[in-house]
Protein chains: 2
Amino acid sequence: MSPDIEVLIQKISRLPGLGPRSARRIAIHLIQHNHDILEPMLNSMKKVHDNVKVCPVCGNIDAFEEICSICSDPKRRDDVICVVESVADLWAIERTACFRGKYHVLKGLLSSINERGPEVLLLDKLSTRCQENGVTEVINALSATVEGQTTDYYIRNFFKDRNIKVSALAHGIPMGGELDYLDDGTLFTAFSARK
Amino acid sequence: MSPDIEVLIQKISRLPGLGPRSARRIAIHLIQHNHDILEPMLNSMKKVHDNVKVCPVCGNIDAFEEICSICSDPKRRDDVICVVESVADLWAIERTACFRGKYHVLKGLLSSINERGPEVLLLDKLSTRCQENGVTEVINALSATVEGQTTDYYIRNFFKDRNIKVSALAHGIPMGGELDYLDDGTLFTAFSARK
């Protein structure tokens, strides 16, 4: 096998969710469709490489000059910031169109196992933004996992004396969910938080 | 979201084994590691795009001038051709280093459901090669599925009157396999083919 192919397979196999076998399959697919798939893919990646950056304010990724399209949108509220773990989560919330404020993307959740301390939360940046824009509410849209809840607690604690309300997404039965199939933890939470 | 990102995600999601969610994850990973992952990936894909082709003789993919490194290797036997479904299968056999002849890569297996007829087997090309190189044996290294076995049967039939031996890989218990965990079909085949 040509070393060029080996290097490409190795690189593909290191992408999230892929391994050596799926990488080989993708590489063969790309090479066998040199003109109709590999070439457009190359052009598309080149465009993204040249134009797309990480927003220095919120951490979203987008094509922009100084700040991303969400941060520069005058129709969005400046006084509410939604904290998300990743850009994928930001996009998920954007798809629902339920939120018209700004975002703060973490560099990960607090995790003792993965040795991620408070520095990944970029709280200095968030706190400065809150002061400058008169933010009244920070919404923690974090996963309902141990790491997500630890991070939520840490952020609440951080803002406790700063006169900023910190809220979190509701926990409960997912829409369309049947009681019989729910795990005990969710059922317990939904029961306790009944309204 | 920038249209450049959307186009890239769409293209990634069409690769084999990937869907919209994994494509989003990969795109975000690439963009967030613009210099250390996206850029090397671009260079590697560019090299493969420029240098790697499908071999006109056997169908292998490789970097070459006229024919691939396997077809042009003088140490490999010319009189045995191994028929494989895909380049991935060819590479799998090469990794075992158990075969020192040449290959013939099909464009797929016969399949009535997927409307693939005998034209995908490129038998004219194979037959011409057999005549020109005095091939004495064609080895069908095909999957033990209905499609693989139908294709095996079709190729055997094709070469019946051409004085060329057609063989196929042995079926039986995989090495390390425990009897108790085998499916009935494999156990039956292994029993019938005892030696």
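Residues numbered from 1 in each chain as written. Chains lettered and ligands numbered in written order. Predicted model: local features only at pLDDT ≥ 70, side-chain atom pairs only at ≥ 80, totals over all residues. Heavy atoms only, no water.

## Quick look at the overall build of chain A
Each helix and strand in chain A was counted, giving seven helices and six strands. Relative to the compact-globule value of 16 Å for 195 residues, chain A shows a C-alpha radius of gyration of 21 Å, a clear excess of over 25%. Along the first, second and third principal axes, the C-alpha atoms of chain A reach 60 × 50 × 35 Å. Within chain A, the fraction of its 195 residues that count as buried is 44%. Contacts spanning at least 24 positions in sequence make up 47% of the contacts within chain A whose residues lie at least 6 apart. Seen as two clouds, the 24 positive and the 26 negative side-chain charges of chain A have centres 1 Å apart. (Helix = DSSP H or I, 4+ residues; strand = E, 2+ residues; numbered from the N terminus. Rg over C-alpha atoms; globule rule 2.2 N^0.38 Å. Buried < 20%, exposed > 50% of the residue type's maximum accessible area, 1.4 Å probe, protein only. Contact = heavy atoms within 4.5 Å. Lys, Arg positive; Asp, Glu negative; His and termini not counted. Charge placed at Lys NZ, Arg CZ, Asp CG, Glu CD.)

## What to know about the packing of aromatic side chains
By the definition in use, this model includes four aromatic pairs over all chains. Plain terms: the ring middles of Phe99 of chain B and Tyr103 of chain B are 5.2 Å apart, the flat faces sit at 70° to each other, and that makes the pair edge-to-face. For the pair shown, Phe99 of chain B and Tyr103 of chain B are each scored as buried. Seen in terms of ring centroids, Phe158 of chain B and Phe159 of chain B are 5.1 Å apart; in terms of plane orientation they differ by 85°. Their pairing is edge-to-face. If you follow Lys53 of chain A out to its NZ or CZ, it ends over the ring of Phe64 of chain A, 4.8 Å from the centre. (Phe/Tyr/Trp six-rings, centres within 6.5 Å; stacked < 30°, edge-to-face > 60°. Lys NZ or Arg CZ within 6 Å of the ring centre and 35° of its normal.)

## Quick word on the relation of the copies chain A and chain B
By a simple turn and slide, chain A fits onto chain B: the slide is 0.0 Å along the axis, the RMSD is 0.0 Å, and the turn is 180°. As the rotation angle and translation indicate, the two copies are arranged about a two-fold axis. Taking C-alpha positions as reference, the residue of chain A nearest the rotation axis is Leu42 of chain A, located at 3.4 Å. Counting the interface residues of chain A, we find that 100% of their copies in chain B are interface residues as well, pointing to one common contact surface. (Least-squares fit on C-alpha atoms with pLDDT ≥ 70 in both.)

## Let's talk about the sheet that holds strand 4 (residues 102-105) of chain A
In any sheet, the strands associate via hydrogen bonds between backbone groups, in a parallel or an antiparallel arrangement. Residue and element names in this part refer to chain A. Ordered in space as 4-3-5-6, the four strands form an open sheet in which the pairing is parallel. Whereas interior strands pair on both sides, the edge strands pair on one side only; in this sheet they are strand 4 and strand 6 (165-168). Each adjacent strand pair in this sheet contributes to an overall mean axis angle of 25°, direction not counted. In the sheet, strand 5 (residues 137-141) pairs with strand 6 via four bridges, with the strands oriented parallel. Following the sheet pairing, Ile139 is matched in strand 6 by Ser167. Packing of helix 4 (residues 87-96) onto the sheet brings it into contact with strand 3 (80-84), strand 4 and strand 5, and relative to strand 4 it is tilted by some 155°. Together, strand 3, strand 5 and strand 6 form the strand contacts of helix 6 (residues 146-159), whose direction differs from that of strand 6 by roughly 165°. (Pairing = 2+ DSSP bridges. Axes fitted to C-alpha atoms, helices over the stretch in contact; angles between N-to-C directions.)

## Comments concerning the confidence of the model for chain A
Looking at chain A as a whole, the pLDDT averages 92, with 100% of positions reaching at least 70. Interface scoring of the predicted complex returns ipTM 0.83; its pTM is 0.81. (pLDDT = per-residue confidence, 0-100.)

## A word on the pattern of salt bridges
Counted by the stated rule, this structure contains 14 salt bridges over all chains. A salt bridge links Lys46 of chain A to Asp50 of chain A; the shortest N-O distance between them is 3.0 Å. Note that Lys46 of chain A and Asp50 of chain A are positioned in helix 3 (residues 34-51) at a spacing of four residues, about one turn of the helix. Given the relative accessible area of 46%, Asp50 of chain A is considered partly exposed. In this structure, the salt-bridge partner of Asp78 of chain B is Lys102 of chain B, at a minimum N-O distance of 2.7 Å. (Salt bridge = Lys/Arg side-chain N within 4 Å of Asp/Glu carboxyl O.)

## Quick word on the interface of chain A and chain B
Listed by partner, the interface residues are 44 residues for chain A and 44 residues for chain B. Interface area for chain A against chain B, summed over the two sides, is near 4,300 Å², with a carbon-plus-sulfur share of 76%. Of all residues in chain A, Met45, His49 and Trp91 of chain A give up the largest surface area on contact with chain B, accounting jointly for 15% of the area buried on that side. Inspection of the region where chain A meets chain B yields zero salt bridges. For the pair chain A and chain B, the interface holds eight residue pairs in polar contact (both at pLDDT 80 or more). Going through the elements one at a time, helix 1 (3-13), helix 2 (20-32), helix 3, strand 2 (61-63) and helix 4 of chain A are the ones with two or more residues in the side of chain A that touches chain B. Of the residues forming the side of chain A that touches chain B, the biggest block, 14 residues, is contributed by helix 3 of chain A. Residues belonging to the side of chain A that touches chain B are distributed by class as follows: 26 nonpolar, eight polar and ten charged. (Buried area = accessible area lost by both parts, 1.4 Å probe. Polar contact = N/O pair within 3.5 Å; in protein donor to acceptor, adjacent residues only side chain to side chain. Nonpolar A, V, L, I, M, F, W, Y, C, P; charged D, E, K, R; others polar.)

## Quick word on a nonpolar patch on the surface
Together, Ile173, Leu179 and Leu187 of chain B make up a nonpolar patch on the protein surface, roughly 240 Å² of accessible area in all. Among the secondary structure elements, Leu179 of chain B is positioned in the loop between strand 6 (165-168) and helix 7 (184-192). (Patch = residues over 30% accessible without salt bridge, like charges linked within 9 Å, V, L, I, M, F, W, Y side chains within 5 Å. Areas by Shrake-Rupley, 256 points an atom, 1.4 Å probe, with all protein chains shown as cover.)

## Observations regarding the domain arrangement of chain A
Looking at the assigned domains, one finds that chain A contains domain 1 (1-36) and domain 2 (75-168). One C-alpha centre belongs to domain 1 of chain A, the other to domain 2 of chain A; they are set 37 Å apart. (Domains from an automatic or database assignment.)

## Quick word on empty space enclosed by the protein
A complete count under the given rule lists one cavity of 30 Å³ or more for this structure. In terms of lining residues, the largest cavity is bounded by 15 residues, among which Ile12, Leu15 and Met41 of chain A together with Leu15 and Met41 of chain B are the most central. At the level of elements, helix 2 and helix 3 of chain A together with helix 1 (3-13), helix 2 (20-32) and helix 3 (34-51) of chain B are the ones that each hand at least two residues to the lining of the largest cavity. Partitioned by chemical class, the residues of the lining of the largest cavity number 15 nonpolar, no polar and no charged. (1 Å grid on protein atoms, 1.4 Å probe; cavity = no way out; pocket = protein on both sides within 12 Å on 5 of 7 lines; lining within 4 Å. Points joined across faces, edges and corners; volume = space filled by probe spheres on them.)

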